[in-house]
Amino acid sequence: VQLVESGGGLVQPGGSLRLSCAASGFTFSMFDMSWYRQAPGKERELVAGISSAGGSTNYADSVKGRFTISRDNGKNSVFLQMNSLKPEDTAVYYCNLFFRGRNYWGKGTLVTVSS
């Protein structure tokens, strides 16, 4: 299993970013996927999840209405569109697969929201 995140960067409050996660090494279309984040000094937390076919999504209360998770099974990729970003969204964002009782993580991509 390999998960490679991209798309992070520095953005001003109120701005937008789109994160991508390229997946390989497993049958992507068969598995739910998630995005997590970890801010400095805090525990890793679930941001959003999406079902294998993309028909069902869930979000942390802190990002509802601002973030949208999506996937493209033809490209083995999952995305996180982040709008109206706030300084408290600053974190390393990780793509996640939970498979056979184990969590798989990418190396993460850093999102910094600051003026």
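Before any of the text, the structure's been laid out above.
First, a word on what this report is: a plain description of the structure on this page. All figures in this text were calculated on a predicted structure; none of them were measured in a lab.

Reading the values: rules and limits
- Residues numbered from 1 in each chain as written.
- Predicted model: local features only at pLDDT ≥ 70, side-chain atom pairs only at ≥ 80, totals over all residues.
- Heavy atoms only, no water.
- Salt bridge = Lys/Arg side-chain N within 4 Å of Asp/Glu carboxyl O.
- Helix = DSSP H or I, 4+ residues; strand = E, 2+ residues; numbered from the N terminus.
- Buried < 20%, exposed > 50% of the residue type's maximum accessible area, 1.4 Å probe, protein only.
- Core = buried A, V, L, I, M, F, W, Y, C linked by side-chain atoms within 4.5 Å.
- Contact = heavy atoms within 4.5 Å.
- Pairing = 2+ DSSP bridges.
- Axes fitted to C-alpha atoms, helices over the stretch in contact; angles between N-to-C directions.
- Disulfide = S-S within 2.5 Å.
- Polar contact = N/O pair within 3.5 Å; in protein donor to acceptor, adjacent residues only side chain to side chain.

**Examining the pattern of salt bridges**
Okay, so step 1: On inspection of all chains with the given rule, the structure shows four salt bridges.
Okay, so step 2: Across the pair Asp89 and Arg37 runs a salt bridge whose closest N-O atoms are separated by 2.9 Å. Of the two residues, Asp89 sits in the loop between strand 8 (77-82) and strand 9 (91-99) while Arg37 sits in strand 4 (residues 33-38), which places them 52 residues apart along the sequence.
Okay, so step 3: Since its relative accessible area comes to 0%, Asp89 is described here as buried.
Okay, so step 4: In this structure Arg37 comes out as buried when scored by relative accessible area, which is 6%.

**Some points on the nonpolar core**
Okay, so step 1: Leu3, Met33, Trp35, Val78, Leu80, Met82 and Tyr93 are the most contacted members of the largest nonpolar core, which has 30 residues in total.
Okay, so step 2: Sorting the residues of this core by element identifies strand 3 (17-24), strand 4, strand 5 (45-50), strand 7 (67-72), strand 8, strand 9 and strand 11 (109-113) as the ones contributing at least two each.
Okay, so step 3: Apart from residues no more than four positions distant in its own chain, Tyr93 is found in contact with Glu5, Leu19, Trp35, Tyr36, Arg37, Val47, Phe67, Leu80, Met82, Gly108, Thr109 and Val111.

**Let's talk about the sheet that holds strand 3**
Okay, so step 1: Spatially, four strands are ordered 1-3-8-7 in an open sheet, and the strand pairing comes out antiparallel. Every other strand in the sheet has two partners, leaving strand 1 (2-6) and strand 7 as the edge strands with one partner each. When strand polarity is set aside, the average angle formed by the axes of neighbouring strands in this sheet is 15 degrees.
Okay, so step 2: Note: strand 3 against strand 8, six bridges, orientation antiparallel.

**Examining the environment of Arg18**
Okay, so step 1: In this fold, Arg18 is placed in strand 3.
Okay, so step 2: Along the primary structure Arg18 and Met82 are separated by 64 residues, whereas in three dimensions their C-alpha atoms are 6.0 Å apart.

**Regarding the state of the cysteines**
Okay, so step 1: For the structure shown, the criterion picks out one disulfide.
Okay, so step 2: At a sulfur-sulfur separation of 2.2 Å, the disulfide partner of Cys21 is Cys95. Looking down the S-S bond of the Cys21 and Cys95 bridge, the torsion is -85 degrees, so its handedness is left-handed. Residue Cys21 is found in strand 3, and its partner Cys95 is found in strand 9; the two are separated by 74 residues along the sequence.

**Here's the deal with the side chain of Asn96**
Okay, so step 1: Here Asn96 is to be found in strand 9.
Okay, so step 2: For Asn96, the side chain forms a polar contact with the side chain of Asn103, separated by 3.0 Å.
Okay, so step 3: There is a polar contact of 3.4 Å between the side chain of Asn96 and the backbone oxygen of Tyr104.
Okay, so step 4: Those residues within four positions of Asn96 in sequence are excluded, and the remaining contacts are Leu3, Met33, Ser34, Tyr36, Asn103, Tyr104 and Trp105.

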